[in-house]
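# Survey of secondary and tertiary structure
One letter stands for each residue in the lines below.
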Amino acid sequence: KQWYQRRLAITAGQEVTERAAEVKKLLNLTKNKDALKLALQNPPIGHQDPSVKEQNYETVLSVLKAFRTPEIDAAVGELSDADVDVLMKYLYKGFSNSPDKAAALLLWHEKAVKKGGVGCVIRVMVDRKGI
Amino acid sequence: KQWYQRRVAITAGIKMSTNTPQQLFVNEPISSHAFNKDLSQVVVSNASAETHIFKKGAGGKYVLDTTLKEHLERVTSVDWAPNSNRIVTCAGDRNAYVWNLQQDTGEWQPCLVLLRINRAATYVRWSPNEDRFAVGSGARLLSVCYFDPENNWWVSKHIKKPIRSTILCVDWHPTNYLLAVGSCDFKCRVFSSALKELSDKPQTSPWMPKLSKFGTLLVEFSTNNGWVHGVKFSPSGAQLAWVSHDSSVNVVSMDNQTKVFTVLTASLPYCCLLWLSEDSFVAAGHDNCPDLFNVSRDDVKYGARLDIKKEKLSEHNMSAMARFQKLDEHGLTETGTKLHTTHVNCITDIRAAATSNGKVTRFSTSGKDGKLVIWEVNALCSAIQGLSI
């Protein structure tokens, strides 16, 4: 069982690295919305290796930074409910990592709450496994 | 004069009120309430060790009638057995009492219940046949209590494994020997509670495919994250719904227990729920408002918010002068700080008040704002367009 879990962890790590590369490609092609949707797929929740989680966090952050303010609303509007929940988790991770640079994330937060409601925020609060 | 005429027209247009609120306590939350069979009386527990019985007075309002004083700590839950007319209360003093109405004096006499728990009791419910009741507690176990006539007290049998944390809610299945338990270990479980002592003759069903003895765990559902605040079997017992602190509403059918329908709602978490019929239920909680959910064979969907305040309509009739005055008083926005819901704090308990043809036609909610509100389902259906219950 341990071996199996280790295999899963390795594949998750590989997936995160591959996703980072894919997202970078999409951003270079200015396909921002697609990059956002891809970045929010399959987050490494509860992964034992913190560097994998950090890498995925950096990927998501790079996508969020690529958007201009008027584009955020449309981008969030196209996300599925599950994606909005994942986005909210990363926003709160961003708030705790760098509270002084929260201004940009707060713009995203307002749009995410418009879509997912306060229930979305509650689910971040009760989450026991870190994203 | 025009304004007055418009007001008359509006009030005439709304023939039935959708809800009747009543402020039972000021500045004291209501933890739990229960009506008797004909709705003439209601037993209410607030933040004190006293339990209050209100009687319906001449104007239709409930007036304080008696106070039951026996508990030493805050009463957490009450229940009224409609047919046998007995009240059960449980409190933080690790005790529960069954209250019997003395015919000659009209007084409620408490009878001790031996719960044998070392933490506060949190929740109590009579079974459908009213021969037993279940008490959930912070001692991580469920006490199923039945009457022992030899010693004239109520004794309990415990269900302990595998409950790992405080029990928040319990619901009985219509067959009287199955129990659903929601607890703080993020799980909702169904147990068998067939008692040999009461000559139970359980039958197999999809919930209990093999005859199981008392305390057997039949099925366990996980909610990922979030305490299970409320759990309820549907009126036929074929479905089980629970609400949890991750703002989710979950429903499972006994015929397919691996498929749990989950709605991750956009509201604050719900604390309690009530099935109105086999395909709809109402959940209420921290949003101060009951929400309707519709259940079909392959889907559970959010239906509607059931609180509509009449005062909102009057805003359309404000003259320009009044509008600017209000803007001047309250600042830039017109929304203000007034809540648009009938309850102004979390709803903690929801009960069926009247049923007809197997569907609930009236239900009541009590909340942390000290209010008891009775809702009319038919009036809600006509007031909210497209509502189906």
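Because the structure is predicted, anything quoted here is derived from the model rather than measured.

### Let's talk about helix H3 (residues 50–66) of chain A
Residues and elements named next belong to chain A. With 17 residues, H3 should reach 24 Å at 1.5 Å per residue; the first-to-last C-alpha distance of 25 Å fits that figure. Residues of H3 that are buried include every one of Val 52, Lys 53, Asn 56, Tyr 57, Thr 59, Val 60, Leu 61, Val 63 and Leu 64, and no others. Against helix H1 (2–28), helix H2 (32–39), helix H5 (81–97) and helix H6 (102–125) lie the buried residues of H3.

### Things to note about the interface of chain A and chain B
With 11 residues of chain A in contact, the opposing surface of chain B contributes 12 residues. Here chain A packs against chain B, burying approximately 860 Å² in sum over the two surfaces, 60% of which is carbon and sulfur. Applying the counting rule to chain A against chain B returns zero salt bridges. Linking chain A with chain B are five residue pairs in polar contact (both at pLDDT 80 or more), by the criterion used here. When its residues are assigned to classes, the side of chain A that touches chain B shows four nonpolar, three polar and four charged.

### A look at the environment of Asn27(B)
Residues and elements named next belong to chain B. For Asn 27, the location among the structural elements is in the loop between strand S1 (19–23) and strand S2 (32–35). Residue Asn 27 is classed as exposed on the basis of its relative accessible area of 75%. Spatially, the C-alpha atoms of Asn 27 and Ala 47 are 9.9 Å apart, while their sequence positions differ by 20 residues.

### Observations concerning the nonpolar core
Counting residues in hydrophobic clusters, the biggest one holds 35 residues, and the most contacted among them are Leu142(B), Val144(B), Leu179(B), Trp207(B), Phe221(B), Leu240(B) and Trp242(B). At the level of secondary structure, the elements contributing two or more residues to this core comprise strand S12 (142–148), strand S13 (153–159), strand S14 (167–172), strand S15 (178–183), strand S16 (187–192), strand S17 (217–222), strand S18 (228–233) and strand S19 (239–244) of chain B. Once residues within four sequence positions are removed from consideration, Trp242(B) is found in contact with Cys188(B), Phe221(B), Thr223(B), Val228(B), Gly230(B), Val231(B), Ser248(B), Val249(B), Asn250(B), Val252(B), Val260(B) and Leu273(B). Formed by 32 residues, the second largest nonpolar core is a distinct cluster that contains Val23(A), Leu27(A), Leu105(A) and Trp108(A).

### Considerations on the sheet that holds strand S20 (residues 248–253) of chain B
Residue and element names in this part refer to chain B. In space, the four strands of this open sheet follow the order S18-S19-S20-S21, with antiparallel pairing throughout. The strands lining the two open edges of the sheet, one partner per strand, are S18 and strand S21 (256–264). Averaged over all adjacent pairs, the angle separating strand axes in this sheet is 20 degrees, with direction ignored. Taken together, the five bridges between S18 and S19 define a ladder with antiparallel strand orientation. Paired with Val 228 across the strands is Ser 244, a residue of S19.

Basis of the calculations
- Residues numbered from 1 in each chain as written.
- Chains lettered and ligands numbered in written order.
- Predicted model: local features only at pLDDT ≥ 70, side-chain atom pairs only at ≥ 80, totals over all residues.
- Heavy atoms only, no water.
- Helix = DSSP H or I, 4+ residues; strand = E, 2+ residues; numbered from the N terminus.
- Expected span 1.5 Å × (residues − 1).
- Buried < 20%, exposed > 50% of the residue type's maximum accessible area, 1.4 Å probe, protein only.
- Contact = heavy atoms within 4.5 Å.
- Buried area = accessible area lost by both parts, 1.4 Å probe.
- Salt bridge = Lys/Arg side-chain N within 4 Å of Asp/Glu carboxyl O.
- Polar contact = N/O pair within 3.5 Å; in protein donor to acceptor, adjacent residues only side chain to side chain.
- Nonpolar A, V, L, I, M, F, W, Y, C, P; charged D, E, K, R; others polar.
- Core = buried A, V, L, I, M, F, W, Y, C linked by side-chain atoms within 4.5 Å.
- Pairing = 2+ DSSP bridges.
- Axes fitted to C-alpha atoms, helices over the stretch in contact; angles between N-to-C directions.

Read these as spatial facts, not as claims about activity.
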